[in-house]
Amino acid sequence: MKTAVFAMIPALLAPVAYAADTQLPPDASAPAEKVTLDRVTISAVRGERDVATIPHMVTVIERETLQATLGASGDLTSALSRLLPSFAPSRQKMTGSSESFRGRSPLILVDGIPQTNPLRDGSRDGFTIDPSLIERIEVVHGANASMGLGATGGIINFITRSAADGDNEIRLNTALTSSNDFDGDGFEYRLGGSLQRKQGAYDVLASAQYQNSGLYYDANGDKIAVNETHGDLMDSESLDLLLKLGMDLSATRRVELMLNRYDLENSGDYRNVPGDRDQGIAATTEKGKQVGDPNRNKATAAALSYSDRDLAGGNFSGKFYYLDRTSLYGATQTKTFQDPAYGSQYDGSGALTQSIYDQSQIEVQRSGVRLSWNRDDFLLNELDWVLGFDWVRDESKQTLAMTGRTWVPEMKFDNYAPFAQLDYALTDRLQLTSGARYETAKLQVDDFTTLYNYGSRDVAGGDDEFSELLTNLGFTYRISDGLNAYISYSEGFNMPDVGLVLRGINTDGQDVDDLVRIKPIITDNYETGFNYQGEALSLKASYFRSTSAFGSRLADTNGDGSYEVIREKTRTHGYELQTAYMFSYDLEIGGYYSKLFGRVDSDKNGSLDSDLGAANISPDKLSAYARYELNGRTSARLASTYYFDRSFHGQANANAESFDGYALVDMSVSYRGNNSTTSLSLGNLLNRDYFDYYAQTSDLGNTARYYKGRGRSLMLAYEHSF
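Residues numbered from 1 in each chain as written. Predicted model: local features only at pLDDT ≥ 70, side-chain atom pairs only at ≥ 80, totals over all residues. Heavy atoms only, no water.

(A) Representation of the overall build of the protein chain in the model. When you go through the protein chain residue by residue, the secondary structure sums to five helices and 36 strands. Per-residue burial over the protein chain gives 58% buried out of 722 residues. Roughly 27,900 Å² of accessible area belongs to the protein chain as shown, and the carbon and sulfur atoms make up 53% of that amount. (Helix = DSSP H or I, 4+ residues; strand = E, 2+ residues; numbered from the N terminus. Buried < 20%, exposed > 50% of the residue type's maximum accessible area, 1.4 Å probe, protein only. Areas by Shrake-Rupley, 256 points an atom, 1.4 Å probe, with all protein chains shown as cover.)

Shown next, in the form of structure tokens:
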């Protein structure tokens with residue numbers, strides 16, 4: 001561990017805009033005596049808010065930061081793990097399973113549209129849009145009642161590019177990525193183009209992005225194992241088609257249509273070769289056709305937005321959206337899929353003698369409306385209001401694609417939520433933030449029969465309705481110019497994985513109306529901290545605590561990766577520290593540290609007796625970065641993230657292993673021409689050999705998922721605008 005920590009001193013993390021993003025002056029080559037960090041506002045909490053007045057930890061990741069980190073890390077969730085404290089390590093696969101935020105589930109948004117599926121979590125929320133289309137990411141750490149369903153761990157809002165700023169350009173981009181040894185089957189290439197134009201009141205943005213990924217290699221030059229069941233980012237193709245059409249109806253009113261189609265699919269041309277945990281031998285990959293259709297994730301989104309910046313003296317925003325997502329998973333011979341009616345055979349003792357293959361598919365259709373109106377100095381001076389209403393209808397089911405069986409019946413979920421949020425300056429230094437959101441939800445499930453493996457149980461459907469008033473209260477105190485302290489309380493609301501509960505019923509006489517395990521998860525969240533933003537220094541720190549009397553956690557009860565939803569009392573708490581210092585426009589350093597604790601009442605006696613497992617909580621992290629600009633043309637970044645050791649105690653972790661931490665160092669260099677940018681990125685610069693967090697701590701009975709992490713990779717990218 002000491003060696004890894006000392007390696008952090010010269011190796012510092014990819015640049016995160018810790019509430020501010022550096023902007024070059026008109027003459028970037030001129031020396032700067034002073035640097036002033038701009039104030040930043042975000043919209044992820046409904047209505048434009050200055051981050052200094054929000055009683056939560058907030059992180060804003062600008063495009064330049066994100067693209068540099070993506071070039072080294074390779075995928076969006078890996079980039080988030082490097083850039084965000086308390087965000088779990090990425091699995092580098094086509095799944096976000098076990099990738100938690102502050103020990104709970106984050107709400108993933110794209111332009112304010114929820115991507116998270118509350119009914120049957122397929123763990124692919126981060127794979128619905130090409131990362132190159134993201135202009136910035138707004139992150140609110142911890143639960144926030146204003147967003148309602150799903151935001152128990154925090155809010156991560158991906159803001160995509162727009163033509164509304166008036167720039168006219170055609171942009172072409174290409175990139176080539178290779179493993180350290182330039183292996184022929186390890187290359188990845190991408191090609192894309194976009195048209196952005198504004199003429200008069202009309203604007204358009206059209207984009208097409210294609211990526212073809214080869215195999216990944218570890219630090220020893222060995223092939224990393226492909227995940228045949230949950231899907232993989234290597235050995236895959238992706239295509240994203242985006243269209244935005246906008247029209248300014250007047251100086252204050254605007255309407256915009258967005259259409260996006262994102263397809264990510266494996267080729268299915270490689271097979272997994274299991275490893276050996278006892279011998280420390282990692283699983284690997286060999287050439288061979290997979291059974292069934294390859295893993296794929298197809299997401300179609302449409303949204304119609306209307307805004308009026310002068311409606312009844314305030315700012316109105318309305319959005320209607322529709323999402324259609326299909327997630328196909330790889331074919332397996334798991335015991336769960338066996339049924340003699342479809343070819344499985346058993347001997348006289350009931351032992352399985354002939355297995356069949358099948359593969360699951362999750363289908364989700366979601367439509368919704370999000371309305372908000374905010375006005376400053378409404379009713380009273382210094383009293384700012386945000387009023388709104390959200391509605392969502394979600395229809396989800398899970399089938400077995402090869403045999404046409406139903407694994408999870410169709411679930412229909414309707415959620416209505418009016419809300420109000422206010423900010424009031426009690427004095428010139430003390431500000432009150434408060435709000436309420438009234439959640440009303442209805443879940444409808446028809447009668448169904450479970451799979452043969454669960455006893456072919458007949459389950460009576462039903463309608464389950466519930467409502468909950470969620471509140472938040474916070475105070476921000478301005479100690480001096482740039483220095484603010486805050487304290488807050490907020491309630492979070494989420495659904496457990498209802499589909500996972502329903503499909504696992506193995507006793508007779510069950511009724512959807514009586515299943516306590518599908519009741520909503522309510523979390524109580526407390527946070528206190530401070531943020532400072534001076535001429536050159538940005539510093540933020542927070543302590544947080546989140547409890548749930550009837551929480552939810554995933555448990556690998558059999559040690560084979562077959563997770564179950566366990567409902568019991570849970571608590572997470574920890575602290576985060578973020579800092580950045582700009583010596584000049586040319587040089588900036590910074591980083592973060594996070595420490596996280598999690599406990600659970602595994603025997604349901606009221607006492608928190610066990611640690612939360614790795615599927616629910618991140619290891620502690622230390623991260624740092626340095627960024628250097630040369631003459632406004634060339635920039636270089638050196639970055640490192642260290643994941644600390646973690647062990648898991650208590651009876652809830654009978655199948656758990658401890659985690660041996662590791663440090664990852666990345667570097668990127670870019671040159672900006674008049675109309676072009678050329679960049680070189682090196683991920684895992686020191687070629688560190690390691691088993692990832694998931695491989696070390698979870699799914700211990702499955703040696704096919706004993707994965708190594710990716711070794712050194714090199715990416716050369718070029719972008720030209722004209």
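Once you've had a look at it, read on.
(B) Here's a closer look at the sheet that holds strand 4 (residues 106–110). The strand order across the open sheet built from five strands is 3-6-7-4-5, with neighbouring strands paired in mixed fashion. The open sheet has two free edges, formed respectively by strand 3 (58–62) and strand 5 (113–114), since each of these has just one partner strand. Looking at chain direction, strand 4 and strand 7 (residues 154–160) are connected through five bridges and run parallel. Looking at strand 7, one finds that Leu-109 is bridged to Asn-157. Running at roughly 75 degrees to strand 3, helix 2 (residues 63–73) makes contact with strand 3 and strand 6 (134–141) of the sheet. (Pairing = 2+ DSSP bridges. Contact = heavy atoms within 4.5 Å. Axes fitted to C-alpha atoms, helices over the stretch in contact; angles between N-to-C directions.)

(C) Up close: the side chain of Asp-203. With respect to the helices and strands, the residue Asp-203 is situated in strand 10 (residues 202–213). Among the polar contacts listed, one links the side chain of Asp-203 to the side chain of Arg-254, at a separation of 2.7 Å. Look past the residues within four positions of Asp-203 in its chain and what remains in contact with it is Ala-163, Ala-164, Arg-197, Lys-198, Lys-244, Leu-245, Gly-246, Met-247 and Arg-254. (Polar contact = N/O pair within 3.5 Å; in protein donor to acceptor, adjacent residues only side chain to side chain.)

(D) Inspection of the pairing of strand 25 (residues 462–480) at higher detail. Relative to strand 25, strand 22 (residues 430–445) runs antiparallel, the two sharing 16 bridges. Bridged to Thr-440 within strand 25 is Ser-467. Looking at chain direction, strand 25 and strand 26 (residues 483–494) are connected through eight bridges and run antiparallel. If you follow Tyr-477 over to strand 26, its bridge partner there is Ala-485.

(E) Just the pattern of salt bridges, in detail. Taken as a whole and assessed by the stated rule, the structure comprises 39 salt bridges. The partner of Arg-457 in a salt bridge is Asp-508, with the nearest N and O atoms 3.2 Å apart. Separated by 51 residues along the polypeptide, Arg-457 in the loop between strand 23 (448–449) and strand 24 (458–459) and Asp-508 in the loop between helix 4 (498–503) and strand 27 (521–533) bring together distant segments of the chain. Under the relative-accessibility criterion, Arg-457 is labelled partly exposed at 22%. Under the relative-accessibility criterion, Asp-508 is labelled exposed at 56%. Among the charged side chains, a salt-bridge network with shared partners connects Glu-64, Glu-588, Arg-627, Glu-629, Arg-637 and Arg-672. (Salt bridge = Lys/Arg side-chain N within 4 Å of Asp/Glu carboxyl O.)

(F) Representation of a negative patch on the surface in the model. On the surface, Glu-410, Asp-446, Asp-447, Asp-458, Asp-463, Glu-465, Asp-513 and Asp-514 cluster together into a patch of negative charge. Its location among the elements puts Asp-446 in the loop between strand 22 and strand 23. (Patch = residues over 30% accessible without salt bridge, like charges linked within 9 Å, V, L, I, M, F, W, Y side chains within 5 Å. Lys, Arg positive; Asp, Glu negative; His and termini not counted. Charge placed at Lys NZ, Arg CZ, Asp CG, Glu CD.)

(G) Structural context of the pairing of strand 13 (residues 270–273). Side chains Tyr-270 and Asn-272 of strand 13 all project onto a buried face; the interleaved residues Arg-271 and Val-273 project onto a face where none is buried. Sheet topology note: the strand 13/strand 14 (residues 284–287) ladder contains four bridges and is antiparallel. The residue bridging Val-273 from the neighbouring strand is Thr-284, located in strand 14.

(H) Representation of the nonpolar core. Membership of the largest hydrophobic core comes to 29 residues, with the highest contact counts inside it found for Ile-61, Leu-66, Leu-80, Leu-84, Ile-137, Ile-156 and Phe-158. Looking at which element gives the most residues to this core, the answer is helix 3 (residues 76–83), with four residues. Sequence-distant contacts of Ile-137, that is, excluding residues within four places in its chain, are made with Thr-59, Val-60, Ile-61, Leu-66, Leu-80, Ile-156, Asn-157 and Phe-158. Core analysis: the next-biggest nonpolar cluster, separate from the first, contains 19 residues, Leu-149, Leu-443, Phe-448 and Val-512 among them. (Core = buried A, V, L, I, M, F, W, Y, C linked by side-chain atoms within 4.5 Å.)

(I) Local environment of helix 2. Burial within helix 2 is extensive, with nine of its eleven residues counted as buried. Among all positions in helix 2, only Arg-63, Thr-65, Leu-66, Ala-68, Thr-69, Leu-70, Gly-71, Ala-72 and Ser-73 are buried.

(J) Examining the side chain of Ser-194 more closely. Within the secondary structure, Ser-194 sits in strand 9 (residues 188–199). At 3.2 Å, the side chain of Ser-194 and the side chain of Arg-161 are in polar contact. With residues up to four places along the chain from it excluded, the contact list for Ser-194 reads Arg-161, Glu-169, Ile-170, Arg-171, Ala-206 and Ser-207.

(K) Representation of the environment of Arg-375 within the structure. By the element assignment, Arg-375 lies in strand 19 (residues 360–375). When the C-alpha positions of Arg-375 and Leu-387 are compared, they lie 8.9 Å apart, and in sequence the two are twelve residues distant. Discounting residues that sit within four places of it in the chain, Arg-375 has contacts with Ala-312, Gly-313, Gly-314, Leu-383, Asp-384 and Trp-385. Separated by 3.0 Å, the side chain of Arg-375 and the backbone oxygen of Ala-312 make a polar contact.

(L) The confidence of the model for the protein chain, seen in detail. With 89% of its residues at a pLDDT of at least 70, the protein chain reaches an overall mean of 87. Residue range residues 1–38 is modelled with pLDDT below 50. Its contacts to residues more than four positions away, or to other chains, number 106 contacts. In the model, residues 558–562 has pLDDT below 50 throughout and makes 13 contacts with residues more than four positions away in sequence or in other chains. (pLDDT = per-residue confidence, 0-100.)

(M) Spotlight on unusual backbone geometry. Unlike most non-glycine residues, Asp-111 shows phi in positive territory, near 55 degrees. With respect to the secondary-structure elements, Asp-111 resides in the loop between strand 4 and strand 5. Located in the positive-phi region is Ser-456, a residue other than glycine, with phi close to 50 degrees. With respect to the helices and strands, Ser-456 occurs in the loop between strand 23 and strand 24. A relative accessible area of 35% places Ser-456 in the partly exposed class.

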